[in-house]
Structures are given as structure tokens and as C-alpha cells.
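So you can see what is in the structure, the chains are spelled out below.
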Amino acid sequence: MIDTNPLERYSRQMRFPGLGKVGQEKLLASRVTLCGCGALGTVLANVLVRAGVGFVRVIDRDFVEPSNLQRQVLFDESDVANNLPKAEAAATKLRQINSSITVEPIVADINRTNIEEFCEGADLILDGSDNFEIRYLINDVAIKHNKPWVYGGAVGSQGMSMTIIPGETPCLRCVFEAAPAPGETGTCETAGVLAPAVNIVASYQSTEAIKLLSGNKAAVNRELLILDVWENTNKRVKVAPLAGRKGQCPCCAKRNFEWLDGAHGTQTTSLCGRNAVQVSHRVKGKLDFAYLASVLKQSGEVSYNKFLLKFQLTENGDPYEFTVFEDGRAIIKGTSEPDKARTLYAKYVGH
């Protein structure tokens, strides 16, 4: 069906006084890079395409799995059966929702070598990822190239969101100077996740995106939002005093883009002839094997001593074996692909 009046589909949205026709036209002319198309990312993409954001670039490295369907709203069982990449499956659905919008799917692992290219030309960057490394890379790119971005995260029943406007608000490293060490925080695989927590966080993120893209920057929330849908809590933390951390923030004050430069983050090495990849993490820490074993036992067989932890599991019919060392380094047997190893590491060891 071809719309005789392209703006008609947005008529209810334009009746909202904060947006109007002018705001809608700005949305239609805007460009967004969405980093990650899992739980948060699918909700974000769905809202933005329906709202009429003119160009949405969707980047994700993973494929659709049955366990995704509980919360990743753009996917269905046929996507699992067809073994489709998330970015491609999402793009197909999004084009059916709004054929007048340009959706560009990219099946790729976001890392320091490509993220600047992926964000080029974007008016806004959205965090739909599931790990801290990508978030700190987004933060570096956003500050370096003066682009606003919206952080979001959800695990268990908890969620967080914050809008970052370079030069006006604290950046991610002002508030969270360093990423958590491996094993310090739960993941969806180890701690689970409730879909309502995801939906609420992504709804806050997408609302902030609509404000920024429609020219309503004065309406942007400049606090850190923290919620827990199970414990019925919702609080806002004033972060404005942290901006630049009195000139000491390594990113926005000193303009040292350490994640982009490779000083932080994970590093992978394929082990020749062993069908294994070593994943090393530059965040220094000491793993608590007892805690890690307690959360991993839900997913596979675990054993450990004071030197290392062994973890075996089967995922989508493929067996994998992790050997995890106290410093967070892991050897993952069962794949020779660095991207797959990084995905497994993020899922089970941490970000």
C-alpha cells in the first residue's frame, strides 16, 4: 500500500504538542546507528521505525536462537528455523512495518576497528548491546565526534538508562570510570532477565531518542535512571556534578579514547590446530571461582580449583569447553572463530 499522505501514519504522534509536524519532519530526516539488536535493540528499532526515524542502521553479530524469543520482540520461530542473523531478520520485519523508512542491516562484530565507520553520518547512537566493551566504545566515538548517545542496560529485573550529550552532560566514564572486571556482574545467561525490565528501559531510551532527533533537547532527562521491576523501585541519580570529574575524566576531559585505541577491552587469539580461541581481558581483576561456578552450574558442568575453572556446555547442539583463569583469561574450545568466542565469553564469563 502506498500512502497518499506520507505523514498520515504519524498523525496521532504529531498531535502531541511536544512533537507536532515540525518535529515529525525532523524525525523523518534523521539518521540513527543502533549498536546491537537483541532485547533492547529490537524494542528500540521497533519504536523508532514506527515513529518515522528516516534511516536506521542496525548492527549485530549474532543469530536468532529460541531463547531470544522471550524478550526480543522482532523475532519469531521462523527466524530460528532459518538460522537468520539478527540484523537481517530485524530488517525484514522493520521494512514490513514501515516501508518508507530506510533500514540498513549490518551483520558484524562491533569493535574498535569498525565502530567509527558504523557511526559515520549518524545524528544519534543508541546502545542496544549486552556488554560494557561496546558501550565504552560508543562513548569514545560519541565524545570524539560530538554525537549524542543513549545508554541502556537490563539484567534480571533491573535496568539503567542515561542520555549523554557531549559537552553538556557527563559521559559514561564520568559516571562509571571503569568497566566491571570479568565475572563481577551477571549476564542474561547467568542471572536471567525479565522482558518487562527490557521493555521499560528501551522505552525510556527511545523516548530520549525522539526528543533529541525532533529538536527537543530541553526535554531530555539528564539524570541516571535506575529501576527494578520486581522490587518496585524507580530512582533517578543526579549525575551533573560528575561532568568531566573536575578535569580528570580520561574521555571527555582529557580526550584519551582508550577503548578506541585498544588500551582496554578484550583480545582474541586463535590457537593453531586446537579448534580453540583464547580471550584475554585488559580489565585487571581476580575472578571469584566459587561465585562464577554457582551461576554457571545452571548452564553446564562446572569444576574448579585455586588455579582455574572448567566449564562445559552444549549450545544449539555444539559442545564447548571453557578453561577460565584467575585473571579473566579464557580458552574456549569448540570454535576457531574469534567473534563466536567473544560472544560466548560475554554470555557466560561477563563483559
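Residues numbered from 1 in each chain as written. Predicted model: local features only at pLDDT ≥ 70, side-chain atom pairs only at ≥ 80, totals over all residues. Heavy atoms only, no water.

You'll find the protein entered in an unreviewed UniProt entry as ThiF family adenylyltransferase, with Gemmata palustris given as the organism.

Caption draft 1: Structural detail: the side chain of Arg135. Within the secondary structure, Arg135 is located in helix H7 (residues 132–145). The exposure class assigned to Arg135 is buried, which follows from its relative accessible area of 6%. Among the polar contacts listed, one links the side chain of Arg135 to the backbone oxygen of Gly152, at a separation of 3.2 Å. If near-sequence neighbours (up to four positions away) are discounted, Arg135 is found in contact with Asp127, Ser129, Asp130, Trp149, Tyr151, Gly152, Gly153 and Leu172. (Helix = DSSP H or I, 4+ residues; strand = E, 2+ residues; numbered from the N terminus. Buried < 20%, exposed > 50% of the residue type's maximum accessible area, 1.4 Å probe, protein only. Polar contact = N/O pair within 3.5 Å; in protein donor to acceptor, adjacent residues only side chain to side chain. Contact = heavy atoms within 4.5 Å.)

Caption draft 2: A look at helix H5 (residues 86–97). For H5, with 12 residues, the first-to-last C-alpha span of 16 Å sits near the 16 Å given by 1.5 Å per residue. Buried within H5 we find Lys86, Ala87, Ala89, Ala90, Ala91, Lys93 and Leu94. Tucked inside the fold, the buried residues of H5 contact helix H3 (39–51), strand S2 (55–60), helix H4 (77–81) and strand S3 (102–107). (Expected span 1.5 Å × (residues − 1).)

Caption draft 3: Seen up close, the state of the cysteines. The final tally for this structure, using the stated rule, is 0 disulfides. You can see Cys171 has no disulfide; the closest cysteine sulfur is in Cys249, sitting 3.6 Å from it. (Disulfide = S-S within 2.5 Å.)

Caption draft 4: Looking closely at the packing of aromatic side chains. Per the stated rule, a full pass over the model turns up 7 aromatic pairs. Ring plane angle 55° and centroid distance 5.6 Å describe the contact between Phe311 and Tyr348, whose orientation is recorded as tilted. Placement of Phe311 in strand S12 (residues 308–315) and of Tyr348 in helix H13 (residues 338–348) is noted, with a sequence separation of 37 residues between them. The two residues Phe311 and Tyr348 agree in class, both being buried. What links up through ring pairs into an aromatic cluster is the set Trp149, Tyr151 and Phe176. Between Arg31 and the ring centre of Phe55, over which it is positioned, the NZ or CZ distance is 3.8 Å. (Phe/Tyr/Trp six-rings, centres within 6.5 Å; stacked < 30°, edge-to-face > 60°. Lys NZ or Arg CZ within 6 Å of the ring centre and 35° of its normal.)

Caption draft 5: Fine view of the side chain of Thr335. Mapped onto the elements of the fold, Thr335 is located in the loop between strand S14 (330–333) and H13. A relative accessible area of 6% places Thr335 in the buried class. Here Glu337 takes part through its backbone nitrogen, which lies 3.0 Å from a polar atom of the side chain of Thr335. Those residues within four positions of Thr335 in sequence are excluded, and the remaining contacts are Asn275, Ala276, Val277, Tyr320, Lys340 and Ala341.

Caption draft 6: A look at the sheet that holds strand S13 (residues 318–325). Spatial strand order, S9-S10-S14-S13-S12-S11: 6 strands in an open sheet with antiparallel pairing. Edge positions in the sheet fall to strand S9 (266–271) and strand S11 (301–304), since each of these pairs with one other strand and no more. Strand after strand, the sheet turns through a mean of 15° between neighbouring axes, direction not considered. Sheet topology note: the strand S10 (residues 276–281)/S14 ladder contains 4 bridges and is antiparallel. (Pairing = 2+ DSSP bridges. Axes fitted to C-alpha atoms, helices over the stretch in contact; angles between N-to-C directions.)

Caption draft 7: A look at the environment of Ala90. Mapped onto the elements, Ala90 comes out in helix H5. Placed 26 residues apart in sequence, Ala90 and Val64 show a C-alpha to C-alpha distance of 9.8 Å. With near-sequence residues (within four places) excluded, Ala90 lies in contact with Cys37, Leu74 and Phe75.

Caption draft 8: Region of interest: unusual backbone geometry. In this model, Asn83 sits at a positive phi of 55°, which is unusual for a non-glycine residue. Not every positive phi belongs to a glycine, and Arg255 is a case in point at roughly 55°. One can find Arg255 in the loop between strand S8 (233–238) and helix H11 (258–261). Of the residues examined, Arg255 reaches a relative accessible area of 43% and is grouped as partly exposed.

Caption draft 9: The arrangement of the nonpolar core in detail. One finds Val58, Leu94, Leu124 and Leu126 to be the most contacted residues of the largest nonpolar core, which totals 45 residues. Those elements giving two or more residues to this core turn out to be strand S1 (31–35), H3, S2, H5, strand S4 (124–127), strand S5 (149–155), helix H10 (195–213) and strand S7 (223–228). Broken down by element, this core gets its largest block of residues, 8 residues, from H3. Aside from chain neighbours lying at most four places away, what touches Leu126 is Val32, Thr33, Leu34, Cys35, Leu44, Leu48, Val150, Gln205 and Ala209. Residues Ile115, Ala142, Met162 and Cys171 belong to the second largest nonpolar core, which totals 33 residues. (Core = buried A, V, L, I, M, F, W, Y, C linked by side-chain atoms within 4.5 Å.)

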